[in-house]
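Here is how the chains run, residue by residue.
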Amino acid sequence: MLLTRLADVSREVAATSARSRKTALLAELFREADADDVPIVIPYLAGRLPQGRLGVGWKVLGRPVEPAAAPGLTVREVDALLTELATVAGPGSQAERQRLVAELMGAATADEQRYLLGLLTGEVRQGALDAVAVEGLAEATGAPPADVRRAVMLAGALQPVAQALLTEGPPALERFRLTVGRPVLPMLAHSASSVGEAVAKLDGCAVEEKLDGIRVQVHRDGDTVRVHTRTLDDITDRLPEVTAAARELPGERFILDGEVLSFGPDGRPRSFQDTAGRVGSRVDVATAAEAVPVSPVFFDALAVGDRDLLDLPFTERHAELARLVPEPMRVRRTLVTGPKDTARAEAFLAETLARGHEGVVVKALDAPYSAGRRGASWLKVKPVHTLDLVVLAAEWGHGRRTGRLSNLHLGARGPDGAFIMLGKTFKGMTDAMLAWQTGRLRELAVEEHGWGVTVRPELVVEIAYDGLQRSTRYPAGVTLRFARVVRYREDKRAEEADTVENLLAAHPEVHP
DNA sequence: TTCCGACAGTGGGGTCGCAAT
DNA sequence: ATTGCGACCCCACTATCGGAA
């Protein structure tokens, strides 16, 4: 199959807003693909590369290459070149990557170059990724969409399911069952603004600690233990403590879901930054483990022995978990029967925060494990802080925000009245706010740059954030975690904005 | 007809590892 | 030794479509 065909379809998919039409376009192409092209075409149309990330970013891709006059590249040729690109390493590799990218781009037409650029940067912007590809696959093969979706969750990836379906038809879906040793996409949680709201929605729930670490799925089959992240990367080798802990448990075969984090000598959790740094260390794991030891804390069981627990209610899965995993290696929890029990749930949240944790997750007791979904039956509740900050600059947006000033640079008042930048945010704005702030910030602009504008520090904006963290990037030595816009405060003057001093006082546990 | 669940998009900061300087 | 880049952790929020109620 020719690359130009994919580029055309991608453009058409991007041009239509109807999801049903996107699905139909993908389905049509899936039907056309040869068996040999399927392993390439499927991920491409879902906006990803079969090789994963290739170590090329904007630095390499930014250099313009004269496009070919006529399309001729096949998807298999592209794939072969990208496979080569993925294996380049060692001294001189950057130049070699540059050369390979130039070779590829030089063989592509302008349209194909645009499409390749999207694939290589992971920004195809066609309004269709895995979920729409799954629908398209179902439509192309006549398999029930729900069955295809489930198979993808259990396989942890679209590609093997697509391959089996397109070559063997719907009966092939039978093969994709929960298997110890093969990671499945984890269930995710929605947010709720308060424990009361969460408890009212679920009616009969467990309230569990939300630990601020790295999500892990641990598979044990006899002596073999594998540890996977939320995106199913294998991090077993970085976490010897987790392997050891899994081997200690009184079960030969299981799949557990949990969080890995580090506790300090005082028994309190270390900051997310410390835990993440440890988990990210690959080279000298022994030294890293000595400085920052980690522990797994589990909250769900997906399989025990030969039993697949996914469709059981949480109550029953938890009973299995409790049989297998002793108390300190399980998250703390309390049971709540309904809205009248809210006070107890709130008390549990307060205790959890006092112990230094992030918040709680409220989980419906009757809900199955919805692998790969952001199920409505798990609701996380975290305390939210707010500040009134001053907009110092704004950056031009991309994609659907092109032409709008989007990413705001935020400052607090310093001791001498000057404004000190604390970070940026692009989150929380409606389209109306984007339009309004673009006009208002242009009025306040003192300097235009390629990336955006710097403005007179006059506009006050209320910002919500989850906490402070250390920063080497910003002058106060701290930055806001997950900052988002709540509303503009035109009733406030910049001189009334919050100060760095007050911010630091509000988070005494963070040392800049 | 209205409501709501699921998706895609828009990027944020930190940290690590690697290659280049 | 230091710097720049890319990958991959953590993540919030809005707009939109289309099926459910």
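In this text the structure is predicted, and so the values were computed from the model without any measurement.

Visitor: Can you help me understand the sheet that holds strand β10 (residues 374–381) in this one?
Guide: Paired through backbone hydrogen bonds, the strands of a sheet run either parallel or antiparallel to each other. Taken in spatial order, the 5 strands of this open sheet run β1-β10-β9-β2-β8, and their pairing is mixed. Every other strand in the sheet has two partners, leaving β1 (188–191) and β8 (333–336) as the edge strands with one partner each. If you compare each strand with its neighbour and ignore which way they point, the axes differ by 35° on average. Bridge count for strand β2 (residues 205–210) against β8 is 4 bridges, and the pairing is antiparallel.

Visitor: Got a minute to help me understand the UniProt feature "domain: ATP-dependent DNA ligase family profile" (unreviewed entry) in chain A in this structure?
Guide: Mapped onto the present numbering, the UniProt feature "domain: ATP-dependent DNA ligase family profile" (unreviewed entry) falls at residues 287–414. Overall, residues 287–414 shows 23% helix and 40% strand. The separation of its end C-alpha atoms is 39 Å.

Visitor: Please explain unusual backbone geometry as it appears in this structure.
Guide: Here the phi dihedral of Leu232 falls at roughly 75°; this positive angle occurs in a residue that is not glycine. Checked against the element boundaries, Leu232 lands in the loop between β4 (224–228) and α12 (240–248). One non-glycine residue, Phe482, adopts positive backbone phi at about 55°. Along the chain, Phe482 falls in the loop between β18 (478–481) and β19 (484–488).

Visitor: Whenever I open this one, the domain arrangement of chain A confuses me. Can you help?
Guide: Interface size, as often reported, equals the accessible area lost upon joining of the parts. Considered domain by domain, chain A is made up of domain 1 (3–172), domain 2 (188–381) and domain 3 (385–510). The centre of domain 1, based on its C-alpha atoms, is set 37 Å off from the matching centre of domain 3.

Visitor: Would you explain the protein's contact with DNA strand B in this entry?
Guide: His398, Arg400, Asn407, Phe426 and Tyr474 are the nearest of the 41 residues found near DNA strand B. Sugar and phosphate atoms form 88% of the subset of DNA strand B atoms that lie within 4 Å of the protein. One of the backbone nitrogen or oxygen atoms of Ser93 is found 3.4 Å away from a phosphate oxygen of DNA strand B. Contact distances for DNA strand B include 2.9 Å between a sugar or linking oxygen and a side-chain N or O atom of Gln273.

Visitor: Would you mind going over the protein's contact with DNA strand C with me for this structure?
Guide: Arg19, Ser20, Gly55, Thr231 and Arg484 are the nearest of the 32 residues found near DNA strand C. In this structure, a phosphate oxygen belonging to DNA strand C sits 2.6 Å away from a main-chain N or O atom of Ser20. Going through the elements one at a time, α2 (19–32), α4 (58–61) and β3 (214–221) are the ones with two or more residues in the surface near DNA strand C. When residues of the surface near DNA strand C are assigned to their parent elements, the largest contribution, 3 residues, is made by α4. Here the surface near DNA strand C is built from residues that sort into 9 nonpolar, 9 polar and 14 charged.

Visitor: Help me understand the sheet that holds strand β5 (residues 253–261) in this model?
Guide: On the basis of which strands lie adjacent, the open sheet formed by 5 strands has the order β4-β3-β5-β6-β7 and antiparallel pairing. Since the sheet does not close on itself, it has two edges, and those belong to β4 and β7 (307–308), each with one partner. For β3 and β5, the ladder comprises 8 bridges, and the chain directions are antiparallel. Its bridge partner lying in β5, Val216 is registered against Gly258. The strands touched by helix α13 (residues 272–280) are β3 and β5; relative to β3, the strand with the most contacts, the crossing angle is about 40°.

Thresholds applied
Residues numbered from 1 in each chain as written. Chains lettered and ligands numbered in written order. Predicted model: local features only at pLDDT ≥ 70, side-chain atom pairs only at ≥ 80, totals over all residues. Heavy atoms only, no water. Pairing = 2+ DSSP bridges. Helix = DSSP H or I, 4+ residues; strand = E, 2+ residues; numbered from the N terminus. Axes fitted to C-alpha atoms, helices over the stretch in contact; angles between N-to-C directions. UniProt positions renumbered as here; feature names shortened; annotations may be inferred. Domains from an automatic or database assignment. Near = heavy atom within 4 Å. Polar contact = N/O pair within 3.5 Å; in protein donor to acceptor, adjacent residues only side chain to side chain. Nonpolar A, V, L, I, M, F, W, Y, C, P; charged D, E, K, R; others polar. Contact = heavy atoms within 4.5 Å.

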